[in-house]
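Okay, here's what each chain looks like letter by letter:
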Amino acid sequence: MNKLLKTLPQDDKYYMPGEFEQHSGCWMVFPERTDNWRKNAQPAQTVYAKVANTINKYEPVTMITSQRTKTIATKLLDPTIKILVFENDDAWMRDIGPTFLKNKNGDVHGIDWIFNALGGLNGGLYYPWDNDDKIAAEVLSYLNIDRYRAPFVLEGGSIHVDGEGTLYTTEECLLNPNRNPDLSKEEIEKYLKQYLNLKKIIWLPYGIFNDETDGHVDNMLCVVKPGTVLLAWTADKNDPQYERSLAALNLLEQTTDAMGRKIEVIKLPIPTPMYTTDEDTSDITGKENSKARVKNTRLAGSYVNFYIANGAIILPIFNLPTDQQAIDIISKAFPHHKIEPIYAYEILLGGGNIHCITQQQL
């Protein structure tokens, strides 16, 4: 039986490793919400299954479904993928799943963050979210891994770490008053250091333009290895993303990580800007307290939003001329990983991408 721990990970000497370290598996949640996914979520389900089946070639995948979607998930998924039925509200495992920690002996604990659907009733994306807030605890209970219940709101997509004491995040997200309005920046830093065992937090000002997550860092930057990051970039000064990426670059070039290293920044161009069409949005059944999907909306497309599996990069592509440039840059950054491109426009329509729908397990 797993325990709810009353101590702090920092005191217990547990820390969050970088995503590029070895995993024992990956967790996902199967999509179904008709107020977020078009055509009764069927196109999204197909792409989620393709992502899961691809990751499963490199590390075991566990898929969470509701009782309603178990049958269709079983049909679409490789038979070696484990399916568990937990009631859920939406399909963003990065944000609702546990954050796994380890100590120097390789023992594993998990963090169960408070989740409020990315802003609660003040700009959040859906309501209710109580099932999603339970997912981390249910996963850790299933795995019999002891858990910490963190006392503040955080989504897994809002943080990246290097495993050596450095965390990257954005002020746009973590300081948004719809997350932890009663906490100062200093108090949030204190909690992050206590729960992730950090020495230094690097605050980018912003995430990707028009990102409905309020600027999750995982759409803007990822850690290749300690001291090296990929940064979403555009050289087009007329693109609203330009000033955001430039601000991040200027900050990263003027700071060092927790180990005192100068940070190497690899620029990863953003996709050609994409906008929703009538076909993308017309059949989505909007509900009160769920984000409206309307045509001509600039999508927060980014090639940074990939998943690092054991030996592979599961990369979102969009059938654009920029795809091959992204593949080439990421191949060079990860020379020992196979690049697995997946056409992921359907995930983008729902508000995120491949990194957002996955959560690595130690």
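Let me begin by describing the structure that accompanies this report. Remember, predicted model here, so these are calculated numbers, not experimental data.

### Here we look at the overall build of the protein chain
When helices and strands are counted, the protein chain shows 11 helices and 17 strands. Relative to its length of 362 residues, the protein chain is compact, with a C-alpha radius of gyration of 19 Å against a globular reference of 21 Å. Along the first, second and third principal axes, the C-alpha set of the protein chain runs to 55 × 50 × 45 Å. Burial status across the protein chain gives 61% buried among its 362 residues. Considering only residue pairs separated by 6 or more positions, the protein chain has 76% of its internal contacts joining residues 24 or more positions apart. Carbon and sulfur atoms make up 49% of the accessible area of the protein chain, which amounts to about 14500 Å² in all. When the 37 positive and 47 negative side-chain charges of the protein chain are each reduced to one mean point, those points stand 3 Å apart.

### Some remarks on the pattern of salt bridges
Evaluation of the coordinates by the stated rule reveals 26 salt bridges. Among the ionic pairs, K57 bridges to E340, the shortest N-O distance being 3.0 Å. Highlighted residues: K57 in the loop between helix 2 (42-55) and strand 3 (61-65) and E340 in strand 16 (residues 338-343), separated in sequence by 283 residues. Looking at K57, the relative accessible area reads 55%, which means it is exposed. What makes E340 buried here is its relative accessible area of 11%. Measuring nitrogen to oxygen at the nearest pair gives 2.6 Å for the salt bridge that ties R179 to D214. Taken together, the residues R179 in the loop between helix 6 (171-174) and helix 7 (185-196) and D214 in the loop between strand 10 (200-204) and strand 11 (221-225) connect sequence positions 35 residues apart. Residues R179 and D214 agree in their burial class; the two are buried. Through salt bridges with shared partners, one network takes in R38, K39, E279, D280 and E346.

### Focus on the packing of aromatic side chains
Tallying each qualifying case throughout the model produces 12 aromatic pairs. On the basis of an interplanar angle of 80 degrees and a centroid distance of 5.6 Å, the ring pair of Y127 and W129 is categorised as edge-to-face. W129 gets classed as buried once you look at its relative accessible area, which sits at 19%. Pairwise contacts between aromatic rings join W113, F152, Y191 and Y195 into one cluster.

### Some details on the sheet that holds strand 15 (residues 312-317)
Strand order in the open sheet made by the 3 strands is 14-15-16, with mixed pairing throughout. Because the sheet does not close on itself, it has two edges, and the strands there are strand 14 (307-309) and strand 16. In this sheet, adjacent strand axes meet at a mean angle of 25 degrees when their direction is disregarded. Bridge count for strand 15 against strand 16 is 6 bridges, and the pairing is parallel. Residue pairing across strands places A312 opposite K338, the latter belonging to strand 16.

### Some details on the pairing of strand 15
Here is the key point about a regular strand: its side chains alternate between the two faces of the sheet. Burial analysis of strand 15 places 6 of its 6 residues in the buried class, the great majority of the element. Covered by surrounding structure in strand 15 are A312, I314 and P316 together with I313, L315 and I317, the residues of both alternating faces. Alignment of strand 14 against strand 15, held across 3 bridges, turns out to be antiparallel. Following the sheet pairing, Y307 is matched in strand 15 by I314. Hairpin connection between strand 14 and strand 15: a loop of 2 residues separates the two successive antiparallel strands, and G311 in this loop has a positive phi of roughly 90 degrees. The β-α-β motif built from strand 15, the intervening helix 10 (residues 322-333) and the parallel element strand 16 has right-handed crossover chirality.

### Details of the environment of I145
Position of I145 relative to the elements: it lies in the loop between helix 5 (130-143) and strand 7 (147-153). For the pair I145 and V61, spaced 84 residues apart in sequence, the C-alpha to C-alpha distance is 18 Å. When sequence neighbours within four positions are dropped, the list of residues in contact with I145 reads N2, F100, V108, H109, G110 and L140.

### Some words on the nonpolar core
The biggest cluster of nonpolar side chains holds 48 residues, and the ones touching the most others in it are M28, V51, I314 and I347. Those elements that place two or more of their residues in this core are strand 2 (25-29), helix 2, strand 3, helix 4 (93-96), helix 5, strand 14 and strand 15. Ranked by residues supplied to this core, first place goes to helix 2 with 7 residues. In contact with I347, not counting residues within four places along its chain, are W37, V47, Y48, V51, W92, G352, N353, I354 and I357. Counting 43 residues, the second-largest nonpolar core is a separate cluster that includes I208, V223, I263 and L315.

### So, the state of the cysteines
Tallied over the full model, the rule gives 0 disulfides. Distance from the sulfur of C26, which forms no disulfide, to the nearest cysteine sulfur (C356) is 13 Å. Using a relative accessible area of 1% as the deciding quantity, one classes C26 as buried. Not engaged in a disulfide, the cysteine C222 finds its nearest cysteine sulfur in C356; these two sulfurs lie 12 Å apart.

Cut-offs and rules
Residues numbered from 1 in each chain as written. Predicted model: local features only at pLDDT ≥ 70, side-chain atom pairs only at ≥ 80, totals over all residues. Heavy atoms only, no water. Helix = DSSP H or I, 4+ residues; strand = E, 2+ residues; numbered from the N terminus. Rg over C-alpha atoms; globule rule 2.2 N^0.38 Å. Buried < 20%, exposed > 50% of the residue type's maximum accessible area, 1.4 Å probe, protein only. Contact = heavy atoms within 4.5 Å. Areas by Shrake-Rupley, 256 points an atom, 1.4 Å probe, with all protein chains shown as cover. Lys, Arg positive; Asp, Glu negative; His and termini not counted. Charge placed at Lys NZ, Arg CZ, Asp CG, Glu CD. Salt bridge = Lys/Arg side-chain N within 4 Å of Asp/Glu carboxyl O. Phe/Tyr/Trp six-rings, centres within 6.5 Å; stacked < 30°, edge-to-face > 60°. Pairing = 2+ DSSP bridges. Axes fitted to C-alpha atoms, helices over the stretch in contact; angles between N-to-C directions. Right-handed = clockwise from strand over helix to strand, strands pointing away. Core = buried A, V, L, I, M, F, W, Y, C linked by side-chain atoms within 4.5 Å. Disulfide = S-S within 2.5 Å.

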